[in-house]
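Descriptive structure summary
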Amino acid sequence: MKSSDYFEQARMLMPGGVSSPVRAIKPHPFYTKSAQGSRIATVDGEELIDCCMAYGPLILGHAHPLIKEAIATQLGKGWLYGTPCPLEPEYAGMVIRDHPGMEMLRFVSSGSEATMAAIRVARGFSGRPDIVKVEGGFHGAHDGVLVKAGSGATTLGIPDSAGVLADVVAHTWQVPYNDPDALERLLFRHPEIGAFIIEPVPGNIGPVLPEKGYLQEVRRITRAHDVLLIFDEVITGYRIGIGGAQEYYNVRSDLTTLGKIIGGGLPIGAFGGRRDIMERIAPAGPVYQAGTFSGNPLSLAAGMATIQWLHAHRGIYRELDSAGKRIGEAVTGKGGSFVQHGSMFKFFFRTAPPRNYREVKECDTGRFSSFWSAMLKKGIFLPPSQFETNFLSAVHNEADVERISDAYRSCL
Ligand SMILES: *Cc1c(COP(=O)(O)O)cnc(C)c1O
């Protein structure tokens, strides 16, 4: 059967034919038969260089032998206990050591769960009902953060997603990225705001880069207003560097959410931060949070093997950065803007690099889709949206980067 056949079936059985909306590529997505290293093999017999990497988790590529071994070893010991296991304190200790502001953490099963719990504990700790997020910031698919960024609907407190209560999103404020004054004005007027959640480097519309001093200003302002700062590093954690964006930009958050890379390709999330905040979580405190699959040994084993590899190969971040730069050089003079942060990169169909969501939305998405299809014909799989970051992994080699660069050059 071909991809189109599978999709015909899937469309009858699953909404939009997919398990997550971004995968619903038109006219039909390709179906993956297997994946290895930097390559995806489709059921149609094509081999693609993957620059999507499952939207971020696969920093060691597909089916890395070390991770496979870690999973296999754990499989032999069972894969779900419903009791604590030694991997939990061991892995928690590693992650905490890598994040200067983090004193305690809890493992969950997805990034969405992590941000949901982080926001809940922030409320439980501060006693204040409202939160702020950045326009275009993505923190998973739960009610309180599904607010249409930047639009009039937001201002009016009308949910972007049907089914989300206006009462819920009425407690979610928004500010533009790279605009510390807007944040300061908002916090000044609204003492009911207790937390600010932000992707330090927005990856779900970008990457969009912070202007010099922006994140420092965010820290200063939140502290001055006694507002908890939550860094959502589900993408940037171990992606921008071992200590994520907080280490790279030397800014400490009160709470941090992680996911994606820390599961080594298996489902995971984590949230952590200051001890006095985290000790509000049940059973240490009154903020309830729980999960059957939380801290499951397979995800922990796969994640820990990944993080150990990254620790042993710290030079990889520099190498990934120069690989990204080579792609950037290939597209100079092509009329759009190339934005890169290490292994995260994007070509925007907009003359100047966007600074915020409003500017990102000015991109020519029509041109993006023809470009995207042309890239696929050349055997390069990019995330199928102008608004999703491309990723490189440690196993994209020189030849891959060359082929990606050539494809960019000719398709643009
Ligand atoms: C992917 C992502 C999430 C959600 O993580 P899931 O594991 O998909 O639930 C949250 N925040 C950010 C910044 C993300 O990129």
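Residues numbered from 1 in each chain as written. Predicted model: local features only at pLDDT ≥ 70, side-chain atom pairs only at ≥ 80, totals over all residues. Heavy atoms only, no water.

**Here we look at the packing of helix H12 (residues 316-330) against helix H15 (residues 398-411)**
Keep this limit in mind: Think of each axis as a best-fit line through the C-alpha atoms, taken over the contacting stretch in the case of a helix, with angles from 0 to 180 degrees between the N-to-C directions. Each helix corresponds to a stretch of at least 4 residues labelled H or I by DSSP, and each strand to a stretch of at least 2 residues labelled E; elements are numbered beginning at the N terminus. Roughly parallel refers to an angle under 35 degrees, roughly antiparallel to one over 145, roughly perpendicular to one between 65 and 115, and oblique to any angle outside these ranges. We call a crossing left-handed when the near helix sits turned anticlockwise from the far one by less than a right angle, and right-handed when that turn is clockwise. A contact between two residues is defined here by any heavy atoms of the two lying within 4.5 Å. In this count, Pro and Cys sit with the nonpolar residues alongside Ala, Val, Leu, Ile, Met, Phe, Trp and Tyr, while Asp, Glu, Lys and Arg are called charged and the others, Gly among them, polar.
Where H12 meets H15, the closest approach of the two axes is 8 Å, and the angle between their N-to-C directions is 25 degrees. If you check the angle between H12 and H15, you find them roughly parallel. H15 is crossed by H12, and the crossing has right-handed handedness. Across the interface between the two elements, Ala-323, Arg-326, Ile-327 and Ala-330 of H12 pack against Glu-398, Val-401, Ile-404, Ser-405, Tyr-408 and Arg-409 of H15. Grouping the constituent residues of the contact of H12 with H15 by class yields six nonpolar, one polar and three charged.

**Thoughts on the environment of Arg-350**
In this fold, Arg-350 is placed in the loop between strand S12 (344-348) and helix H13 (357-360). When the C-alpha atoms of Arg-350 and Asn-250 are compared, they prove to be 30 Å apart, with 100 residues separating the residues in sequence. If sequence neighbours within four positions are ignored, Arg-350 has contacts with Gly-336, Ser-337, Glu-359, Glu-362 and Cys-363.

**Description of the sheet that holds strand S4 (residues 104-108)**
Going by this rule: At least two bridges found by DSSP between two strands is the condition for calling them paired.
Taken in spatial order, the seven strands line up as S4-S10-S9-S8-S7-S5-S6 in an open sheet, and their pairing is mixed. Lying at the two open borders of the sheet, with one neighbouring strand each, are S4 and strand S6 (172-175). The average angle at which neighbouring strand axes cross in this sheet is 20 degrees, direction not considered. Pairing analysis gives four bridges linking strand S5 (residues 130-134) to S6, with the strands arranged parallel. Bridge pairing in S6 places Lys-133 opposite Gln-174.

**Description of the packing of aromatic side chains**
How we decide: The rule is short: rings of Phe, Tyr and Trp, with Trp giving its six-membered ring, pair when the centres are within 6.5 Å, and they are stacked under 30 degrees, edge-to-face over 60, tilted in between.
Counted by the stated rule, this structure contains twelve aromatic pairs. Grouping aromatic residues by their ring pairs yields a cluster made of Phe-338, Phe-345, Phe-347, Phe-349, Phe-368, Phe-371 and Tyr-408.

**Here we look at the nonpolar core**
Threshold: In these notes, a set of buried Ala, Val, Leu, Ile, Met, Phe, Trp, Tyr and Cys residues joined through side-chain atoms within 4.5 Å is what counts as a nonpolar core. Classification of residues uses two cut-offs on accessible area relative to the type maximum, computed with a 1.4 Å probe and protein chains only: under 20% is buried, over 50% is exposed, and between them is partly exposed.
Among the nonpolar cores identified, the biggest contains 58 residues, and Tyr-91, Tyr-238, Leu-310 and Tyr-408 are the most heavily contacted of them. Residue contributions to this core peak at eight residues, all from helix H11 (residues 297-312). The residues touching Tyr-91, leaving out its near neighbours within four places in the chain, are Phe-107, Ile-262, Ile-268, Leu-300, Gly-303, Met-304 and Ile-307. In this structure, Met-53, Ile-240, Val-251 and Val-339 belong to the second largest nonpolar core, which totals 35 residues.

**Things to note about the packing of helix H3 (residues 87-98) against H11**
Between H3 and H11, the shortest axis-to-axis distance is 10 Å and the interhelical angle comes to 40 degrees. By the angle class used here, H3 and H11 are oblique. The interaxial crossing formed by H3 with H11 has left-handed handedness. Residues Leu-87, Glu-88, Glu-90, Tyr-91, Met-94 and Asp-98 of H3 form the contact with H11, whose participating residues are Pro-297, Leu-300, Ala-301, Gly-303, Met-304, Ile-307, Gln-308 and His-311. Residues belonging to the contact of H3 with H11 are distributed by class as follows: eight nonpolar, three polar and three charged.

**Some remarks on the site of the ligand**
Just so we agree on the cut-off: A single heavy atom is enough: if one lies within 4 Å of a molecule or strand, its residue is considered near that molecule or strand. Identification of polar contacts relies on pairs of N or O atoms within 3.5 Å, with a donor-acceptor requirement for protein atoms, meaning one able to donate a hydrogen and the other able to accept it, and with residues adjacent in sequence counted only if both atoms are side-chain atoms. Accessible surface is estimated by sampling points in the Shrake-Rupley manner with a 1.4 Å probe; for residues, cover comes only from the protein chains shown.
Taken together, Ser-110, Gly-111, Ser-112, Phe-138, His-139, Gly-140, Glu-199, Asn-204, Asp-232, Val-234, Ile-235 and Lys-260 form the complete shell of residues around the ligand. Measuring from an oxygen atom of the ligand, one finds a side-chain N or O atom of Asn-204 at 3.0 Å. Take Asp-232: an N or O atom from its side chain is 2.7 Å from a nitrogen atom of the ligand. Burial of the ligand by the protein amounts to 83% of the accessible area it has alone, namely 380 Å². Within the shell around the ligand, the residues separate by chemical class into three nonpolar, six polar and three charged.

**Quick look at H12**
Definition in use: Helix span is expected to be 1.5 Å times the residue number reduced by one. What the arc measures is the spread of directions leading from the helix axis to the C-beta atoms.
Given a rise of 1.5 Å per residue, 15 residues ought to cover 21 Å, and the 21 Å separating the end C-alpha atoms of H12 matches this to within 8%. All of the buried residues along H12 are Ile-316, Tyr-317, Leu-320, Ala-323, Gly-324, Ile-327, Gly-328 and Ala-330. Axial view of H12: buried residues confined to an arc of 165 degrees, hence all on one face. Seen from the buried face of H12, the exposed residues on the opposite side, beyond 90 degrees, are Arg-318, Glu-319 and Glu-329. Summarising the contacts, the buried residues of H12 are in contact with H11, strand S11 (337-341), S12 and H15.

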